Protein chains: 2
Amino acid sequence: MVTFARSDTTMTLSEQITSAVRSVIGTNPAALHEPLFEGDEEKLTRECVETGWVSSVGKFVDAFERGLAEYTGASHAIAVTNGTAALHVALVAAGVGRSDEVLVPALTFIGTVNPIAYCGATPHFIDSLPNAPEIDIEALEAYLDGILELRGGSAFNKSTGARLAAILPVHVFGHPVDMDHLADISERYKIPVIEDAAEAMGSTYKGRHAGTFGLLGTLSFNGNKIITTGGGGAVLTNDADLARRIKHLSTTARVAHRMEFIHDMVGYNYRMPNINAALGVAQLRNINNFVLRKRILADRYAAVIEKIPAVRLLREGNDTQSNYWLQTLILDEEIADQRDQVLSALNDAGYGARPVWRLMHTLPMFESSPRMDLSGAEGMAARIVNIPSGPALVQL
Amino acid sequence: MVTFARSDTTMTLSEQITSAVRSVIGTNPAALHEPLFEGDEEKLTRECVETGWVSSVGKFVDAFERGLAEYTGASHAIAVTNGTAALHVALVAAGVGRSDEVLVPALTFIGTVNPIAYCGATPHFIDSLPNAPEIDIEALEAYLDGILELRGGSAFNKSTGARLAAILPVHVFGHPVDMDHLADISERYKIPVIEDAAEAMGSTYKGRHAGTFGLLGTLSFNGNKIITTGGGGAVLTNDADLARRIKHLSTTARVAHRMEFIHDMVGYNYRMPNINAALGVAQLRNINNFVLRKRILADRYAAVIEKIPAVRLLREGNDTQSNYWLQTLILDEEIADQRDQVLSALNDAGYGARPVWRLMHTLPMFESSPRMDLSGAEGMAARIVNIPSGPALVQL
Ligand SMILES: Cc1ncc(COP(=O)(O)O)c(C=O)c1O
Ligand SMILES: Cc1ncc(COP(=O)(O)O)c(C=O)c1O
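Everything numeric here is computed off the predicted structure, so don't read it as measured data.

### Some words on the nonpolar core
F64(A) and L144(A) are the most contacted members of the largest nonpolar core, which has 113 residues in total. Broken down by element, this core gets its largest block of residues, 8 residues, from helix α4 (residues 83-93) of chain A. Formed by 112 residues, the second largest nonpolar core is a distinct cluster that contains L144(B), V170(B), V172(B) and L242(B).

Laid out in structure tokens, this is it:
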């Protein structure tokens, strides 16, 4: 194992970080995130093929939905084709429509923001904390006080006239947002919360699973997530009516009938196929194991990273337990200009490393969207380096 | 084998049809359509799990796209999450947008029409032939002559003022539309054709594969289709620029970059996961076998159905070769009132049988959409009975 002292000044920052990563995960190349199939994945997908039930009918979708509800503690889970589709139907079910605005972080993946555009609504960007990627709720509160007015039980943006139809917090890299504080704001300003918990399967806030606080919450089971179904997502809710509506919307809004095909609204083909749900059922059986490995990995990284000046590993906040979906280095401001060198050095050494997503308000299609001051997000975006995070990097 | 003479008047119509179906497919219950997995489906999906490549990266998506292009003769095929998604990106890529109208049959599955609504456009319904479910191109021609005006190289609806942005023919039940005639109209009226070939994988018109005539064509690989990927679809095109655009739109419009996540337009997460593409690669290897079985099944059904007065099996038209996706009985007008009895008798006997979809213009969300006279579609819809059609019903 490579070791080095805090005072080791013969190594550059890039070398120190690369060597710290190597000391934790070894010399083999490692992707940023890879799934682990050590359970019944092969058996259950084989069962689908053998029985012919690979598609829109079959027992695994129901089983996966029940399993998700049980694991997260949500009353209802609806499996869909992916996390983007989950957010889209969640927004539609919450009544977000043409010319509404939706409050959403600038620091997030594109999959959070595109569904707002699908609804014909406009993203309204909110800032991140100065020292962590999650949204800055205090700053948001002050901002909303200035721009909002309440009319007929809804919040409106005084300057654009648009209704603020929802707030969409993101549990970035698996670290839950302060949901109590956000619930206050949601209640005071009459703006419903839809949680993007795509990255937060296995994360909790005050002991309760991420994605179960808002009116609706969504998950992703893309290949790079904590558990995968190939492609997949889910909507969580404690509201039985919303759950029914989302199931209806995501299955072409077909009305139950013995033989006839009748549909009563514009719906979507977002149903998760049975073969993907089979993978999900198998993966879900191992989620505690995956989260445990990733939490151990965080401890190991933290132990070596803390010896490097001006760099830290993002740790879970008070009241939260993180799944550590993506392990996250944060460079101090004074060394932010070395981020790209660090990224290159890690990738050159065979370690999948990545900067955070290009901020949403800088992308051409969202350049003119309304926003609060985004200097927190801008500061963060310049200083984040994600490093290899897959569960297989820790042997139990 | 049950036989009966044309003069057999002791049996009701329902009994005659049920007995005819039984004489072809035997006494075991049979679903309307079931997939057949006799090839490499298990092997290739297992390979995905073993290698960890189940999701958005992996070799099967490329292989499936290449296989689809080769099989259909299209220059490009882009695999997506399903046939509905395929039509959606096809319409977006063709420039269909807010307040446009799209010409589309009233007699089709909801998945043809919903994507028009996703674009913010309006379906404009067209009629079916008096004696077959496909669109009535002659009647359409006369209708368009009356309602259209050409301005700046585009067609506009004189009464609504909307641009007629596309015509979306459907190869219903696998029977190709007369594409030469439609191409004439498309050219004369400057309306691009986007073919919904969801049901027509394996069908040809004048020797060329359905879905390869229009600007764009789409396929579905839902569990009830000729080949299945669990859930899946594809866009076909001979235009390299459109192919690139559709790949871009269906993969979150991410710009190629070593590490950064940059997106240059509102895109979709419609990428087909690798594990579903693995199924598709295996299924595609057997498509000729599936089509052959279904064509034999059509011959067998036709031989017994022709003995029943006032009922016929829908056969392929001139210049076309049908995949016989769904076998279709058409009752003569004078016995149309017995359709529901026939459907019940078949289902009671364990045979999956179904009326055609409720016509689109009668669904609440499309009730006020523009339309031509739809008496052909209405007549057809009252007289169609689909009967068991899966490839496993014929042993080779
Ligand atoms: C924060 C966030 N939101 C949304 C998504 C979209 O999920 P998916 O890729 O399954 O559509 C993802 C993951 O990709 C994500 O990380
Ligand atoms: C005519 C037609 N169009 C569109 C679709 C939509 O395809 P998918 O179900 O794969 O979304 C289907 C099949 O379901 C169909 O039969």
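### Points about the packing of helix α2 (residues 41-51) of chain B against helix α9 (residues 274-284) of chain B
Residue and element names in this part refer to chain B. For the pair α2 and α9, the least separation of the axes is 8 Å and the interaxial angle reads 155 degrees. Judged by the inter-axis angle, α2 sits roughly antiparallel to α9. Two packed elements cross with a definite hand, and for α2 against α9 that hand is right-handed. On α9, the residues that touch E41, L44, T45, C48 and V49 of α2 are N274, I275, A278, L279, V281, A282 and Q283. Across the contact of α2 with α9, the residue classes tally to 8 nonpolar, 3 polar and 1 charged.

### Things to note about the sheet that holds strand β10 (residues 216-220) of chain B
Each strand in a sheet pairs with another by means of backbone hydrogen bonds, the pair being arranged parallel or else antiparallel. Residue and element names in this part refer to chain B. The strand order across the open sheet formed by 4 strands is β1-β11-β10-β7, and the pairing between neighbours is mixed. Unpaired on one side and paired on the other, β1 (76-80) and β7 (194-196) mark the two borders of the sheet. Averaged over all adjacent pairs, the angle separating strand axes in this sheet is 20 degrees, with direction ignored. Where β10 and strand β11 (residues 233-237) come together, 4 bridges link them in antiparallel fashion. Across the sheet, G217 pairs through a bridge with L236, a residue of β11.

### Describing helix α2 (residues 41-51) of chain A
Residues and elements named next belong to chain A. All of the buried residues in α2 are E41, L44, T45, C48 and V49. Buried residues of α2 fall within an arc of 145 degrees about the axis and therefore sit on the same side. Immediately beyond the C-terminal end of α2, within one or two residues, lies G52, with a positive phi of roughly 85 degrees.

### Looking at the relation of the copies chain A and chain B
It takes a turn of 180 degrees to lay chain A on chain B, together with a shift of 0.0 Å along the axis; the resulting RMSD is 0.0 Å. Here the copies are linked by what is in effect a two-fold axis. Here 100% of the interface residues in chain A have copies in chain B that are interface residues too; the copies meet face to matching face.

### Some words on the state of the cysteines
Enumeration over the complete set of coordinates arrives at 0 disulfides over all chains. Take C48(A): it sits in no disulfide, and the sulfur closest to it among the cysteines is that of C48(B), at 13 Å. Under the relative-accessibility criterion, C48(B) is labelled buried at 1%.

### What to know about the site of ligand 1
In the vicinity of ligand 1 there are 15 residues, among which T84(A), D196(A), E199(A), K225(A) and N269(B) approach most closely. In this structure, an oxygen atom belonging to ligand 1 sits 2.7 Å away from a main-chain N or O atom of G83(A). E199(A) places a polar side-chain atom, nitrogen or oxygen, 2.5 Å from an oxygen atom of ligand 1. Counting only elements with at least two residues in the shell around ligand 1, the list comes to α4 and α5 (110-118) of chain A.

What counts, and where the lines are drawn
Residues numbered from 1 in each chain as written. Chains lettered and ligands numbered in written order. Predicted model: local features only at pLDDT ≥ 70, side-chain atom pairs only at ≥ 80, totals over all residues. Heavy atoms only, no water. Core = buried A, V, L, I, M, F, W, Y, C linked by side-chain atoms within 4.5 Å. Buried < 20%, exposed > 50% of the residue type's maximum accessible area, 1.4 Å probe, protein only. Helix = DSSP H or I, 4+ residues; strand = E, 2+ residues; numbered from the N terminus. Axes fitted to C-alpha atoms, helices over the stretch in contact; angles between N-to-C directions. Parallel < 35°, antiparallel > 145°, perpendicular 65-115°, else oblique. Left-handed = near helix turned anticlockwise from the far one by under 90°. Contact = heavy atoms within 4.5 Å. Nonpolar A, V, L, I, M, F, W, Y, C, P; charged D, E, K, R; others polar. Pairing = 2+ DSSP bridges. Arc of directions from axis to C-beta. Least-squares fit on C-alpha atoms with pLDDT ≥ 70 in both. Disulfide = S-S within 2.5 Å. Near = heavy atom within 4 Å. Polar contact = N/O pair within 3.5 Å; in protein donor to acceptor, adjacent residues only side chain to side chain.

Structural measurements only, silent on function.
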